[in-house]
There are 2 protein chains.
Amino acid sequence: MASLKDVADLAGVGVGTVSRVVNNHVSVKPKTREKVMEAIKALNYIPNEVARNFKMQRSNMVALLLPTIWNPFFSELAFYIEDELDHAGFKLLLCNSGGKPSKELYYFDVLNQNKVAGILGITYNDIDSSIDTQIPIVSIDRHFSKSITCVTSDNYAGGRMALRELVKAGAKKPAFVGVVTSVYSETMLRKMGFVDEAAALGVDCLVYEEPDPVADEGQFFRNFLNRAEHREADGVFAITDMFAAQYIDQVGSYGIRVPEDVKVIGYDGIQNSALFHPILSTIRQPVEEMARMSVQLLLRKIDGQEPEELTYRLPVEFRPGETT
Amino acid sequence: MASLKDVADLAGVGVGTVSRVVNNHVSVKPKTREKVMEAIKALNYIPNEVARNFKMQRSNMVALLLPTIWNPFFSELAFYIEDELDHAGFKLLLCNSGGKPSKELYYFDVLNQNKVAGILGITYNDIDSSIDTQIPIVSIDRHFSKSITCVTSDNYAGGRMALRELVKAGAKKPAFVGVVTSVYSETMLRKMGFVDEAAALGVDCLVYEEPDPVADEGQFFRNFLNRAEHREADGVFAITDMFAAQYIDQVGSYGIRVPEDVKVIGYDGIQNSALFHPILSTIRQPVEEMARMSVQLLLRKIDGQEPEELTYRLPVEFRPGETT
C-alpha cells in the first residue's frame, strides 16, 4: 500500500506538500498540485491512508480534570491554565470529575487514543494503578503516584507560617483543624508544618481531624466545638479557607468572637474582592504560577522531555485579613 | 472531480458503504469493499475528498465561550453545562475569550471545520456579522444576532420584581444602577422592567448608567454618590450582584447604612454560601436550568432540528438576604 512518503518521492516534493494538496491548502502552486495528483493516481494511493494520517496528527487538546469547576480556587486555576495553553496553541477540555473515578479514567483512555495530548489533573481518588507513568500528565496539588510530576504550593512551609502568624497575633493555644484523606495528599503537609513549628517554638498545639470527605461542615465544627478544650483554642489554622469560614460561622454561637477571642487563618486565598466579610487571613497559594508552571511542564512532557524534578513546590505567602 | 456519491453509484452501493470502506470500517464485506475500491480507482476519486469526509464526521466536542471562567456565575454555569454534555456523551472545550473577539472568532472557524459540533456562548462583542446562522450555536444571556437561539433568564420580569420588592421593603425613591452596552443585550431588560413597574405603581424612580465596560467600579459608585439626589435614593437595584456589593462597600463612607437607610437588591444569585456577608438580597437566575436547557437546545440543533422559539426566558425568583 502506497504511503504519503511514496507519493512525495514520486512527485519530487516533501510530504508536507503532499499533505497540503490532500488537504486542499491554498498555498500550493497549480503545477505542484498537478504533479502530486499524478503521483497519487500512479501509485493508487488510497484514501483510508489519508484518513489514518489525519487521525495520527498530534492532538492540540489538553484535558483538565477537576473535582468541580464551581469552586473559586479551581476556577481561578482553570482560568490561568486556559490562558497559558492558549498562548501555546493548545485548547482546554474541561472535565468535572465530581470525584467519580470512572469519569477520570475515561480521560486516561482518551489520552491513550491520542485524542488529547496530555492531562492536567487534580484528583483525590486512588487511581494510581490505572495510570501509565510514561504518558504526559502533570498533577496539581496532589500526587497521582510517586512517579508523576506534581506542582503544588509549599504546604509544609505554609503550615509553619500559619503557626508563626497565630503566635505573633497572640495565640497561646493554637489548633489545627482539618481532614485526613485515605491516600497520601500534599495537603497533609499543612498539619505537619504546623505541628513541627509549634514544637520548634515550644508552643502547645491541638490537632483535630475527621476523615475526608466531610459531608456536613457545620456538623464537623459542632463536633469540634462540643469539646471544652477545643473551645479554649485561641488560634485556629483551618486546612482551607472554606473550613475557616465555616468555623467562624459556628464559633459565634458559643459566644466566641473572631479575632478578639480567637485568631483564624485559612489556606488557599480564594477571596478575590474585599466586598464580602470576613476577609480571611490566609496562606495564599500562588495559583497563577502553579497554573502556568503546570502547563509548561506538561508541554515539555508532550515534547518528550522529562522534567528534572518530580515535585515542584511553589512559595506561599501570608495574606492578612480581618481574622487575626 | 468525482464525489462520494459518484463512487457509490458506480459501485452500486450507498454512500454510507463508500464511507465505511474509505474509513476502513470492519463491517464491510470483502466483496463490497472490492467493488468500492474499483469504483474509486475508475473515477479517480481523490483523497482530499476523503479528508474532507473525515472532517465531516461529527465531533463529540462542544465549545463553551465565556468572558472568563474565573467568575462565580460563569463557573456555576460551566459546571452544569459540562454535566449535561457528559450525560449526552459530549465533551466540553473551554474558552475564556477575555472579551477578545479574535479569540471568539477562532472558535467559529474551528466550528466551520467541524472540529466542534457546536458552540455555547456568552459574548458581549459585536461579532454578529461573522456568524453563519445555520451552524449549531446557542447563546446564553445575550443575543449574538436576531436569528440565533438564546437562553436567558427573564430579565424584564426580574426588573419588575426588584422594583416591587424594594417598594415592599419601604423604598419611596428607588434607583436603578447599571451599564449600557453598545450592542443589544438582554440585560437591558432589567432596567426596562424596573422603570415600567415603577410607572405602573406610580413610583418615582431614578436611573443611573455608564457605558460598558466599567474600568473601575469603585469610581463608578463615587460618581453616582457624588450627586446629592442619588444619595437620597432609599432603594437600589444594581444590574448585577457584584455591582450591588460595590455600592454597599462605597455607600458606607457617606454615612448611609444598608438596609436601614437604603435597601439593596442585586441580580444573579452568585453567593453559594451564607458564610460571607453581606448576604445580598437578589434576583436569582435559574443557572442550572439555563445551563441544561442550552445544552438540550444545542444538541437538537446538532441533530438538524431547529428549536421552536428564538428566545427562551426562564423564570427568576427573589431571594431575600440581609440587604432589604
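Please read these numbers as outputs of a predicted model, since none were measured by experiment.

J.: Just give me the short version of the overall build of chain A, but keep the residues and values in it.
T.: Of the regular secondary structure elements, chain A holds 12 helices and 12 strands. Relative to its full complement of 324 residues, chain A shows a buried share of 55%. Taking contacts inside chain A between residues at least 6 apart in sequence as the whole, the part at least 24 apart equals 70%. For chain A, the exposed surface amounts to about 14,000 Å²; the carbon and sulfur share of it is 50%.

J.: Kindly report on the relation of the copies chain B and chain A, identifying the contributing residues and their values.
T.: Rotating chain B by 179° and moving it 1.5 Å along the rotation axis overlays it on chain A with an RMSD of 2.6 Å. This pairing of chains is accounted for by a two-fold axis. Measuring from the rotation axis to each C-alpha of chain B, the shortest distance belongs to B:Leu93, at 1.1 Å. A high fraction, 100%, of the interface residues of chain B reappear at the interface in chain A, so the copies pair face to face through one surface.

J.: Summarise the packing of aromatic side chains; cite the residues concerned and give the values.
T.: The geometry of an aromatic ring pair is captured by the separation of the ring centres together with the interplanar angle, meaning the angle of the planes. Residue and element names in this part refer to chain A. In this structure the tally under the stated criterion is 31 aromatic pairs over all chains. Put simply, the rings of Tyr208, Phe220, Phe221, Phe224, Phe243 and Tyr247 touch in pairs and so form one group of aromatic residues. For the cation-ring pair, Arg190 lies above Tyr267, with the distance from its terminal atom to the ring centre recorded as 3.7 Å.

J.: Tell me what's going on with the sheet that holds strand β4 (residues 137–140) of chain A, and back it up with residues and numbers.
T.: The strand order β11(A)-β5(A)-β4(A)-β3(A)-β1(A)-β2(A)-β2(B)-β1(B)-β3(B)-β4(B)-β5(B)-β11(B) describes an open sheet built from 12 strands, whose pairing is mixed. Two strands close off the open sheet at either side, each with one partner strand: β11 (311–314) of chain A together with β11 (311–314) of chain B. Between one strand and the next, the sheet's axes are offset by a mean angle of 25°, whatever the strand orientation. Examined bridge by bridge, strand β5 (residues 150–153) of chain A and β11(A) share 4 bridges and lie parallel to one another. Considered in β11(A), the bridge of A:Ser153 is made with A:Leu314.

J.: Talk me through the pairing of strand β3 (residues 118–121) of chain B; I want residue IDs and the actual numbers.
T.: Residue and element names in this part refer to chain B. Of the two faces of β3, both are covered, the one formed by Gly118 and Leu120 as well as the one formed by Ile119 and Gly121. Sheet analysis places strand β1 (residues 61–66) next to β3, joined by 4 bridges and oriented parallel. In the sheet register, Val62 faces β3, and the bridge partner there is Gly118.

J.: Let's hear about the pattern of salt bridges: which residues, and what values?
T.: Applying the stated criterion across every chain yields a total of 31 salt bridges over all chains. One salt bridge in this structure joins B:Lys191 and B:Glu209, with 3.0 Å as the shortest N-O distance. Taken as a pair, B:Lys191 in helix α8 (residues 188–201) and B:Glu209 in strand β7 (residues 206–211) lie far apart in primary sequence, 18 residues in all. Classification of B:Lys191 by relative accessible area gives partly exposed; the value is 24%. Linked by salt bridges that have partners in common, A:Asp83, A:Glu84, A:Glu288 and A:Arg292 make up one network.

J.: Give me the lowdown on the interface of chain B and chain A, citing residues and values where you can.
T.: Across the boundary between the two partners, chain B contributes 51 residues, which contact 52 residues of chain A. In total, about 4,400 Å² of surface goes out of reach between chain B and chain A, with carbon and sulfur atoms giving 65% of it. Our count for the contact surface shared by chain B and chain A stands at 0 salt bridges. The interface formed by chain B and chain A includes 5 residue pairs in polar contact (both at pLDDT 80 or more). Among the elements that make up the side of chain B that touches chain A, the one with the highest residue count is helix α5 (residues 72–87) of chain B (8 residues).

Criteria and thresholds
Residues numbered from 1 in each chain as written. Chains lettered and ligands numbered in written order. Predicted model: local features only at pLDDT ≥ 70, side-chain atom pairs only at ≥ 80, totals over all residues. Heavy atoms only, no water. Helix = DSSP H or I, 4+ residues; strand = E, 2+ residues; numbered from the N terminus. Buried < 20%, exposed > 50% of the residue type's maximum accessible area, 1.4 Å probe, protein only. Contact = heavy atoms within 4.5 Å. Areas by Shrake-Rupley, 256 points an atom, 1.4 Å probe, with all protein chains shown as cover. Least-squares fit on C-alpha atoms with pLDDT ≥ 70 in both. Phe/Tyr/Trp six-rings, centres within 6.5 Å; stacked < 30°, edge-to-face > 60°. Lys NZ or Arg CZ within 6 Å of the ring centre and 35° of its normal. Pairing = 2+ DSSP bridges. Axes fitted to C-alpha atoms, helices over the stretch in contact; angles between N-to-C directions. Salt bridge = Lys/Arg side-chain N within 4 Å of Asp/Glu carboxyl O. Buried area = accessible area lost by both parts, 1.4 Å probe. Polar contact = N/O pair within 3.5 Å; in protein donor to acceptor, adjacent residues only side chain to side chain.

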